[in-house]
2 protein chains.
Amino acid sequence: MTTFQENLEKYAELAVKVGVNIQPGQTLVIRTPISALELVRLVAKKAYEAGAKNVHVEWSDEELTRTKFHLAPDEAFHEYPAWIAKGFEELAENGAAFLSITGQDPDLLKDADPERVANLNKAGGKALKTFRSYIMADKVSWSIVAAPSEGWAKKISPDESKDRAVEKLWEAIFAATRTDQADPVAAWKNHLKTLNEKMNELNKRRYHALHYKAPGTDLTIELPDTHLWVSGGSTNKDGVDFVANIPTEEVFTAAKKTGVNGTVTNTKPLNYGGTLIDQFTLTFKDGKVVDFTAEQGYETLKRLLDTDEGARYIGEVALVPHQSPISETDLIFYNTLFDENASNHLAIGTAYAFNIEGGKEMSEEELEQAGINTSITHVDFMIGSSEMDIDGITKDGKREPVFRKGNWAF
Amino acid sequence: MTTFQENLEKYAELAVKVGVNIQPGQTLVIRTPISALELVRLVAKKAYEAGAKNVHVEWSDEELTRTKFHLAPDEAFHEYPAWIAKGFEELAENGAAFLSITGQDPDLLKDADPERVANLNKAGGKALKTFRSYIMADKVSWSIVAAPSEGWAKKISPDESKDRAVEKLWEAIFAATRTDQADPVAAWKNHLKTLNEKMNELNKRRYHALHYKAPGTDLTIELPDTHLWVSGGSTNKDGVDFVANIPTEEVFTAAKKTGVNGTVTNTKPLNYGGTLIDQFTLTFKDGKVVDFTAEQGYETLKRLLDTDEGARYIGEVALVPHQSPISETDLIFYNTLFDENASNHLAIGTAYAFNIEGGKEMSEEELEQAGINTSITHVDFMIGSSEMDIDGITKDGKREPVFRKGNWAF
Ligand SMILES: [Zn+2]
Ligand SMILES: [Zn+2]
Ligand SMILES: [Zn+2]
Ligand SMILES: [Zn+2]
């Protein structure tokens, strides 16, 4: 077996054992591009070996997506198959685990009509609303891992041959996800413990607000009274642990919907539904985006912010040290799974229900009453750098260092 | 463009224009193995160019199927996702067209537990019963074309390299489907005209029964009074023409359920759900299989016959000349789409509703009352050869030659 094959198997095992943590008798649903075929086959094998009852795969193909955006009529982009959404809901209700494999060419939809992209995202968001609410509330185990498409690999290594670019990206993925370590499953247990310690400390400190300072950024984010900091390790409604993102380096909570003020500048490009948005700023007043600029992808950003009312408010506040295996690859991945976990980030759109006390049991209305944002969208964007300082502000106005020069200050 | 690329495009066009004959605004559903990716991309392109609103693809992967049969627990084989069946019904009700791409390794499930194979076929048959009834009644346009998997290609050319075997099988497919002719769409219009002429003549003759004679075969099949001969060209409920099998060389009708007597021997191997059944005989009394033998795949044949009550009766009676572009390839394809269209064949299981007058509007009970068979299964098996003679027997007992030495006698 080559090192690549060994690492691919270890990565598949990580996805099954640590990512979705498949349980005997469970169905595993994999959503994946066809380009990840080799990984999918290994994941399925490991899942059955771990006792999965069934593995159901929903495939996509970049070339077909491109063809659709070029040739289909407008009305095709206002629809999402209701029966698939219903199927996902049923699978979730029956306790299936959901693994997504990301790896899309960041420029896939570069030439597509942004209105079509927005319409399709909206149609999907609406149709999958109930399913997404199960995911957002951690009712089921779910996880996201990655596999290079040729387009993605060439975006990162434009001067390499396709094969070499893909090989290099796999190496970066293996490094960033600790797969290249001797025992990745053990390495992850350790890592999750460290994240938990930060989480517990923040939950003890109970900050009233965070104040972000960096070039282009001066932003204050209030936190709801009942906010809960959460780390990469999650637990579903049946008490089974899982890790929603591999890699994950974040400790995160919900913002107070109406408590965000100031301006923030992104530090890494945002790949939204196949279009890149970069060098952008958002200006907030009482939680709402009241102004924004973008050097790249302005139109797409505008449409994202216009998705619904909640798309102009912050849902998630995530703290991520600038130092991590991801950062050490020294790459911009043009993929949120990696870039967000190498950088402090915020998310536009819906907050995670589990980020406030009792949130998992609340209706949408109750979540809004508790002060957090709801929306059909949730899009992370990266704002961290080695120049970022963050202060925690206590209820009585005292300031404490949380981040200094991009890393944890405690 | 290479000849291969040219032929592949012509074949995709044939599938879209002649096969499902896609109409503006229609959704095309493609069910296909991932190995047919290149063909699927071309079919999607041609479909959108012909005005399709959307192309939805349901993918499968042989390796995943094999893994499931090896590693999944027994209960996994008693289930078929109800939401997918429901989705197919909805798509059909909304007028979608359905294209299946066949190409499975004939030995895919050779080492699988036959009980698992039977259970999965049964579960799928039950779940898809309503959808299948739409197909069987030609409510929607549907078509089957082919694309080689490596396993299938190697089965036909075991001594060639994988690449060469696949190349040779593509050449055979292009020849057998008239794709290698200058204008395949025109060639098909011509061919369908010829088949129509045979159909019209048989419908005029209104035989009471057919009598088959060949080595190992002496079989009489009565036809229902209201039987209708049908050829490869079909018309859906909206009046749109389509061709359900590419290639098709058959003119076929329904058997009288209780009117089959004698013994029949197969002449080409039958590939049933990944297992080969060969050198088998079926003996009928008053329509029912009362005895059977098989040198290969006995257990699978037994389970097929035990699927339900109707699986012991004949549904379809198809006349196919021994001379055709398929026969001229001089290959056994180990794939029913090709082998059945190079050979007289019968089908075990359900009859096509449109093979009796008014059948499309009948319930299952009414179809049985009209004298034809219903079942959750429908499996063609090949009985033709250059040594087969078939007589038509009129109501008053007169015999007329229908086939002599494997070819049309009129
Ligand atoms: Zn996050
Ligand atoms: Zn997020
Ligand atoms: Zn037939
Ligand atoms: Zn048939």
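Residues numbered from 1 in each chain as written. Chains lettered and ligands numbered in written order. Predicted model: local features only at pLDDT ≥ 70, side-chain atom pairs only at ≥ 80, totals over all residues. Heavy atoms only, no water.

Attention now moves to the overall build of chain A. Summing up its helical and strand segments, chain A has 13 helices and 20 strands in all. For 410 residues, the compact-globule estimate of 2.2 N^0.38 gives 22 Å, and chain A sits close to it at 20 Å. The C-alpha extent of chain A, read off along each of the three principal axes, is 60 × 50 × 45 Å. Looking at the 410 residues of chain A, the share that counts as buried comes to 59%. Taking the contacts inside chain A whose residues are at least 6 apart along the sequence as the reference set, 74% of them involve residues at least 24 apart. A total accessible area of about 16000 Å² is found for chain A, and carbon and sulfur atoms account for 47% of it. With 45 positive and 63 negative side-chain charges, chain A shows a spacing of 3 Å between the two charge centroids. (Helix = DSSP H or I, 4+ residues; strand = E, 2+ residues; numbered from the N terminus. Rg over C-alpha atoms; globule rule 2.2 N^0.38 Å. Buried < 20%, exposed > 50% of the residue type's maximum accessible area, 1.4 Å probe, protein only. Contact = heavy atoms within 4.5 Å. Areas by Shrake-Rupley, 256 points an atom, 1.4 Å probe, with all protein chains shown as cover. Lys, Arg positive; Asp, Glu negative; His and termini not counted. Charge placed at Lys NZ, Arg CZ, Asp CG, Glu CD.)

How big an interface is tends to be stated in terms of the accessible area lost upon association of its parts. Residue and element names in this part refer to chain A. Looking at chain A, the domain boundaries give domain 1 (3-176) and domain 2 (194-229 + 248-408). Using only C-alpha atoms to locate each centre, domain 1 and domain 2 end up separated by 24 Å. Facing 33 residues of domain 1, the contacting portion of domain 2 comprises 30 residues. In total, about 2500 Å² of surface goes out of reach between domain 1 and domain 2, with carbon and sulfur atoms giving 64% of it. By the criterion of area lost to domain 2, the three top residues of domain 1 are Pro106, Met136 and Ala176, representing 23% of everything that side buries. Seen at the junction of domain 1 and domain 2, the total is one salt bridge. (Domains from an automatic or database assignment. Buried area = accessible area lost by both parts, 1.4 Å probe. Salt bridge = Lys/Arg side-chain N within 4 Å of Asp/Glu carboxyl O.)

Quick look at the pairing of strand E4 (residues 142-146) of chain B now. All names here are of chain B. Taking burial as the measure, the five residues of E4 include four buried ones, the bulk of the element. Where strand E3 (residues 97-102) and E4 come together, five bridges link them in parallel fashion. The residue bridging Ile101 from the neighbouring strand is Val145, located in E4. (Pairing = 2+ DSSP bridges.)

In this assembly, 32 residues from chain B lie in contact with 32 residues from chain A. The contact between chain B and chain A buries some 2900 Å² in all, and 69% of this surface belongs to carbon and sulfur atoms. Counting across the interface, chain B meets chain A through four salt bridges. Its salt-bridge partner being Asp61(B), residue Arg41(A) comes within 2.7 Å of it at the nearest N-O pair. In this assembly, chain B and chain A are joined by six residue pairs in polar contact (both at pLDDT 80 or more). Listed by contribution, the elements that provide at least two residues to the side of chain B that touches chain A are helix H2 (37-49), strand E2 (54-60), helix H3 (62-71) and helix H4 (82-93) of chain B. Among the elements that make up the side of chain B that touches chain A, the one with the highest residue count is H2(B) (seven residues). Of the residues in the side of chain B that touches chain A, the class split is 17 nonpolar, four polar and eleven charged. (Polar contact = N/O pair within 3.5 Å; in protein donor to acceptor, adjacent residues only side chain to side chain. Nonpolar A, V, L, I, M, F, W, Y, C, P; charged D, E, K, R; others polar.)

What follows deals with the coordination of the zinc ion (ligand 3). Residue and element names in this part refer to chain B. Within the protein, the atoms that donate to the zinc ion (ligand 3) are Glu250 (OE), Glu316 (OE) and His345 (NE2), at distances of 1.9 to 2.2 Å. Counting along the primary sequence, the residues that act as donors to the zinc ion (ligand 3) give the motif E-x65-E-x28-H. Taken as a pair, the zinc ion (ligand 3) and the zinc ion (ligand 4) lie 3.3 Å from each other and share Glu316 as a ligand. You can see Glu250 sitting in the loop between strand E9 (241-243) and strand E10 (251-254) and its partner His345 sitting in strand E16 (residues 345-349), a full 95 residues away along the chain. (Donors = N, O, S within 2.8 Å, 3.2 Å for Na, K, Ca; no water.)

Before going further, it helps to spend a moment on the environment of Val185(A). All names here are of chain A. Looking at where Val185 falls in the secondary structure, it is placed in helix H9 (residues 184-205). Distance from Val185 to Lys10, taken between C-alpha atoms, is 8.6 Å for residues 175 residues apart in sequence. When neighbours within four sequence positions are excluded, Val185 is seen to be in contact with Leu14 and Val18.

All names here are of chain B. Contact pair helix H1 (residues 3-19) / helix H8 (residues 162-176): the axes reach a minimum separation of 11 Å and the direction vectors enclose 45 degrees. Put simply, H1 runs oblique to H8. The handedness of the crossing between H1 and H8 comes out as left-handed. The residues of H8 that touch H1, namely those facing Phe4, Asn7, Leu8 and Tyr11, are Trp170, Ile173 and Phe174. Tallied by class, residues from the contact of H1 with H8 come to six nonpolar, one polar and no charged. (Axes fitted to C-alpha atoms, helices over the stretch in contact; angles between N-to-C directions. Parallel < 35°, antiparallel > 145°, perpendicular 65-115°, else oblique. Left-handed = near helix turned anticlockwise from the far one by under 90°.)

Attention now moves to the coordination of the zinc ion (ligand 1). For a metal bound by four donors in a tetrahedral arrangement, the ideal donor-metal-donor angle is 109.5 degrees, while six donors in an octahedral arrangement ideally sit at 90 or 180 degrees. All names here are of chain A. Protein coordination of the zinc ion (ligand 1) is provided by Glu250 (OE), Glu316 (OE) and His345 (NE2), with donor distances spanning 1.9 to 2.2 Å. Along the chain, the residues that donate to the zinc ion (ligand 1) are spaced as E-x65-E-x28-H. Taken as an interatomic distance, the gap from the zinc ion (ligand 1) to the zinc ion (ligand 2) is 3.4 Å; Glu316 donates to each of them. Taken together, the residues Glu316 in strand E15 (residues 314-319) and His345 in strand E16 (residues 345-349) connect sequence positions 29 residues apart.

Turning to the sheet that holds strand E15 (residues 314-319) of chain B, a few remarks are in order. The pairing of strands in a sheet happens through backbone hydrogen bonds and is either parallel or antiparallel. Residue and element names in this part refer to chain B. Across the sheet, five strands lie side by side as E7-E10-E15-E16-E17; this open sheet has antiparallel pairing. Edge positions in the sheet fall to strand E7 (230-231) and strand E17 (378-382), since each has one partner strand and no second. Direction of pairing for E7 relative to E10: antiparallel, over a ladder of two bridges. By the bridge assignment, Val230 is partnered in E10 with Phe252.

Below, the discussion takes up the relation of the copies chain B and chain A. Between the two copies, chain B and chain A, the superposition gives an RMSD of 0.0 Å; the rotation angle is 180 degrees and the shift along the axis is 0.0 Å. What we have between these two chains is a two-fold relation. Comparing contact sets, 100% of the residues at the interface of chain B also lie at the interface in chain A, consistent with an isologous, same-surface contact. (Least-squares fit on C-alpha atoms with pLDDT ≥ 70 in both.)

Our next topic: the pattern of salt bridges. If the charged atoms of two oppositely charged side chains come close together, the side chains can form a pair. Applying the stated rule across the entire model yields 60 salt bridges over all chains. Note that Arg312(B) and Asp306(B) form a salt bridge whose closest N and O atoms lie 3.0 Å from each other. Take Arg312(B): its relative accessible area is 18%, and that puts it in the buried class. Ionic contacts of the salt-bridge type, sharing partners, join the residues Glu9(A), Glu13(A), Lys17(A) and Lys46(A) into one network.

Residues and elements named next belong to chain A. Turning to its location among the elements, Glu62 is positioned in helix H3 (residues 62-71). At 4.1 Å, Arg66 is the nearest oppositely charged side chain to Glu62, a buried residue that forms no salt bridge. Polar contacts involving the side chain of Glu62 include one to the main-chain amide nitrogen of Asp105, which spans 2.6 Å.

Before going further, it helps to spend a moment on the sheet that holds strand E3 (residues 97-102) of chain A. All names here are of chain A. Spatially, four strands are ordered E2-E1-E3-E4 in an open sheet, and the strand pairing comes out parallel. Of all the strands in the sheet, just strand E2 (54-60) and strand E4 (142-146) have a single pairing partner and so form its edges. Within the sheet, the average angular offset between the axes of one strand and its neighbour, ignoring direction, is 20 degrees. Where strand E1 (residues 27-33) meets E2, seven bridges bridge the pair, whose relative direction is parallel. Bridge assignment links Thr27 to a residue of E2, and that residue is Asn54. Relative to the sheet, helix H2 (residues 37-49) contacts E1, E2, E3 and E4, its axis offset from that of E2 by approximately 165 degrees.

It is worth spelling out the side chain of Arg312(B) at this point. Residue and element names in this part refer to chain B. Inspection of the secondary structure puts Arg312 in the loop between helix H10 (298-305) and E15. Within the structure, the side chain of Arg312 is placed 3.0 Å from the side chain of Asp306, a separation counted as a polar contact. Beyond its immediate chain neighbours, meaning those up to four positions away, Arg312 contacts Phe284, Gly287, Lys288, Val289, Phe292, Leu305 and Asp306.

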